[in-house]
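Structure at a glance
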Amino acid sequence: MDETSGARRETKSKKFDCVIWGGYAWGNIGDDLLLAAALQRVRRQFGQSIAILSHNPEYTSWLFPEAVVVPYIKPPQKPKPTGSENILKKCRSFFGGSKEEPFEPDWQACMDSDWARCILDARCLYLAGGGYLTDLFPLEFWMPPIVLANRIKLPVVTGPLGLGPFKSEYWADTVVDSLGLADLRVRDQVSRDFCVARGLKPVLEPDDAFGLLETWFPPEPRLRTNDRPRKIGVCIFSQSGRVANHDASEWWTNCLRGLKAQHPDCLIEGFCFHTSLQYDFREMVRLFKRAGLPLNGVLQPEMDVRRATAAIRSYDFVISTRFHAVVTANALKVPNVAIASGDYYLAKMQCAVHGHENLSTLVNPVAQSPEVVLQLARSIFGDSPRISSPSEMLSQNRA
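Here's a quick rundown of the structure.

The rules behind each value
Residues numbered from 1 in each chain as written. Predicted model: local features only at pLDDT ≥ 70, side-chain atom pairs only at ≥ 80, totals over all residues. Heavy atoms only, no water. Helix = DSSP H or I, 4+ residues; strand = E, 2+ residues; numbered from the N terminus. Buried < 20%, exposed > 50% of the residue type's maximum accessible area, 1.4 Å probe, protein only. Contact = heavy atoms within 4.5 Å. Areas by Shrake-Rupley, 256 points an atom, 1.4 Å probe, with all protein chains shown as cover. Salt bridge = Lys/Arg side-chain N within 4 Å of Asp/Glu carboxyl O. Pairing = 2+ DSSP bridges. Axes fitted to C-alpha atoms, helices over the stretch in contact; angles between N-to-C directions. Right-handed = clockwise from strand over helix to strand, strands pointing away. Core = buried A, V, L, I, M, F, W, Y, C linked by side-chain atoms within 4.5 Å. Phe/Tyr/Trp six-rings, centres within 6.5 Å; stacked < 30°, edge-to-face > 60°. Lys NZ or Arg CZ within 6 Å of the ring centre and 35° of its normal. Expected span 1.5 Å × (residues − 1).

Digging into the overall build of the chain
When its secondary structure is counted, the chain shows 17 helices and 13 strands. Evaluated residue by residue, the chain yields a buried proportion of 55% over its 399 residues. A fraction of 74% describes how many contacts in the chain between residues 6 or more apart in sequence connect residues 24 or more apart. Per element, the accessible surface of the chain, about 18700 Å² overall, is 51% carbon and sulfur.

As structure tokens, this is what we get:
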């Protein structure tokens, strides 16, 4: 793109007060929503002197054409040590003097890159909110800009992050060490407990998307007209960190069939919160087919963040495995069910539901049956005696 090329030329000669980095530009609507929130937040302090690091600069420039986008390329691995260095390293490791490093960047090879120069010349590195700092994902990709900022003592400020879980002590220590001096915010209690246990002092704040969505879509009365059918929006994908060996196909098949049988006049629609056809779209086509629902009920992915989130307003009830689809539904006052299993997604969904229990209920498909969702749907659509809130109804069901 011409705009991206121009932005790259601009970075050669201009210094930026703030550099943004995070888990965006992979097609996840939620992560790009958090980049929009990060831009909104840092512009209050730094104006237009901001650069965004992106591994997919063309895509990020398309989403945010007014922003300066700098290409990020993961640094190469540091050359393997010589024979004598290897022996010395093993000796230190044996005596507890050093830890094994799964990935050590070759700093010398990348210090002249556009992204490294931006960090070296900046006044602040801002980490967009999100749940990317876990070794469920490749931390050797995300950590170098953070480690570099820490090495040069550049102030690091974060949006509300989800930290962990970690299988590797090395990566847990690396993340903690890199955030030791940061102005650190976290979005869930599990992340806060992790930080406190390791000597960090984070501030617990709601996910950044809540505040952004309230500015994009000011509160307005939800008036349902009789000229359209009631709509149930579902967003389904296989969650990271889900319970091992648990196949939710039968659970979802029974849930979708039950919704259709219970609410034959409702339109059941599958919506995507990821732009790739390989995730939400593919999974929902498979499950709609298995449940006997029309496949044209699965909508194609929407590339634009604002349009993807605005579409949630068209639903009367949302059922989602995507964290930010639940956040969006709560921000837009749409009744919803957050589906999650496994430590990673349960921690995320708990903070999406927190404070919105009158609208939102967390359901774990490993421990609870689809009937819980069907009861919630009956409550929402008035097909059974009204209960004061979905969460109250769920507690009665458990009892």
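A look at unusual backbone geometry
Cis peptide bonds are those with omega within 30 degrees of zero, and the linkage from Gly-164 to Pro-165 qualifies with 5°. Mapped onto the elements of the fold, Pro-165 is located in the loop between strand S6 (156-163) and helix H8 (169-178). Within the chain, Lys-333 stands out as a residue other than glycine whose phi angle is a positive 65°. Tracing the chain through its elements places Lys-333 in the loop between helix H14 (323-331) and strand S12 (336-339). Residue class for Lys-333 comes out partly exposed when judged on its relative accessible area of 47%.

Observations concerning the pattern of salt bridges
According to the stated counting rule, one finds 18 salt bridges in the structure shown. The residue Arg-117 makes a salt bridge to Asp-112 at a minimum N-O spacing of 3.2 Å. Among the residues examined, Arg-117 registers a relative accessible area of 24% and is labelled partly exposed. Residues participating in the shared-partner salt-bridge network are Arg-41, Asp-183, Arg-185, Glu-205 and Asp-208.

Section: the sheet that holds strand S9 (residues 231-235)
Spatially, 5 strands are ordered S10-S9-S11-S12-S13 in an open sheet, and the strand pairing comes out parallel. Strands at the two margins of the open sheet, each flanked by one partner only, are strand S10 (267-270) and strand S13 (360-363). For this sheet, the mean angle separating the axes of adjacent strands, direction not counted, is 15°. Across 4 bridges, the pairing between S9 and strand S11 (residues 317-320) is parallel.

A short note on the pairing of strand S1 (residues 18-21)
Where burial is concerned, the two faces of S1 agree: the one with Cys-18 and Ile-20 and the one with Val-19 and Trp-21 are both buried. The pairing of S1 with strand S2 (residues 50-54) spans 3 bridges and is parallel. Counterpart to Val-19 in the pairing with S2 is Ala-51. Note that the unit made of S1, helix H2 (residues 29-46) and S2 has a crossover that is right-handed. Of the strand pairs in this sheet, S1 and strand S4 (residues 124-127) are connected by 4 bridges, and their pairing is parallel. In the strand pairing of S4, Trp-21 is matched with Leu-127.

Some points on the nonpolar core
Counting residues in each nonpolar core, the largest one holds 100 residues, and the members touching the most others are Ile-20, Trp-21, Trp-115 and Leu-133. For this core, the leading source of residues is H2, giving 10 residues. When sequence neighbours within four positions are dropped, the list of residues in contact with Trp-115 reads Leu-53, Val-70, Pro-71, Tyr-72, Ile-73, Pro-75, Trp-107, Cys-110, Pro-144, Pro-145 and Leu-148. Core analysis: the next-biggest nonpolar cluster, separate from the first, contains 30 residues, Val-234, Ile-236, Cys-272 and Phe-288 among them.

Quick notes on the pairing of S12
Burial of the side chains of S12 extends over both faces: Asn-336 and Ala-338 are buried on one face and Val-337 and Ile-339 on the other. Sheet topology places S11 next to S12; 3 bridges connect them, and they run parallel. Bridge pairing in S12 links Ile-319 to Val-337. The pairing of S12 with S13 spans 4 bridges and is classified as parallel. Bridging from a neighbouring strand, Ala-338 pairs with Leu-362 of S13.

Examining the packing of aromatic side chains
Throughout the structure, instances matching the rule amount to 20 aromatic pairs. For the ring pair Trp-21 and Tyr-24, a centre distance of 6.3 Å and an interplane angle of 80° mean the geometry is edge-to-face. A relative accessible area of 2% means that Tyr-24 is categorised as buried. Summarising the aromatic geometry, the rings of Tyr-72 and Trp-115 are spaced 5.0 Å apart at their centres and angled 65° between planes, so their arrangement reads as edge-to-face. Here the residue Tyr-72 occupies a position in the loop between strand S3 (68-71) and helix H4 (83-94), and Trp-115 occupies one in helix H6 (residues 114-121), the gap between them amounting to 43 residues. By the burial criterion, Tyr-72 is buried, and Trp-115 matches it. One aromatic cluster is present, built from ring pairs that chain together Trp-21, Tyr-24, Trp-26, Tyr-72, Trp-115, Tyr-132, Phe-137, Phe-141, Trp-142, Phe-237, Tyr-344 and Tyr-345. Cation over ring: Arg-306 sits above Trp-216, and NZ or CZ is 4.3 Å from the ring centre. The positively charged end of Arg-322 is found above the aromatic ring belonging to Phe-237, 3.6 Å away from the centroid.

What to know about the side chain of Ser-191
Looking at the secondary structure, you find Ser-191 in helix H9 (residues 189-197). Relative accessible area serves as the criterion here: at 1%, Ser-191 is assigned to the buried category. If we skip the residues at most four places from it in the chain, Ser-191 touches Leu-161, Gly-162, Leu-163 and Val-186.

Some remarks on helix H16 (residues 370-381)
The end-to-end C-alpha distance of H16 is 17 Å, a good match for the 16 Å that 12 residues give at a rise of 1.5 Å each. Of all 12 residues in H16, 10 are buried; the element is thus mostly enclosed. Those residues of H16 that fall on the buried side of the exposure criterion are Pro-370, Val-372, Val-373, Leu-374, Gln-375, Leu-376, Ala-377, Ser-379, Ile-380 and Phe-381. Note on H16: the residue one or two positions beyond its end, Gly-382, has a positive phi of about 75°.

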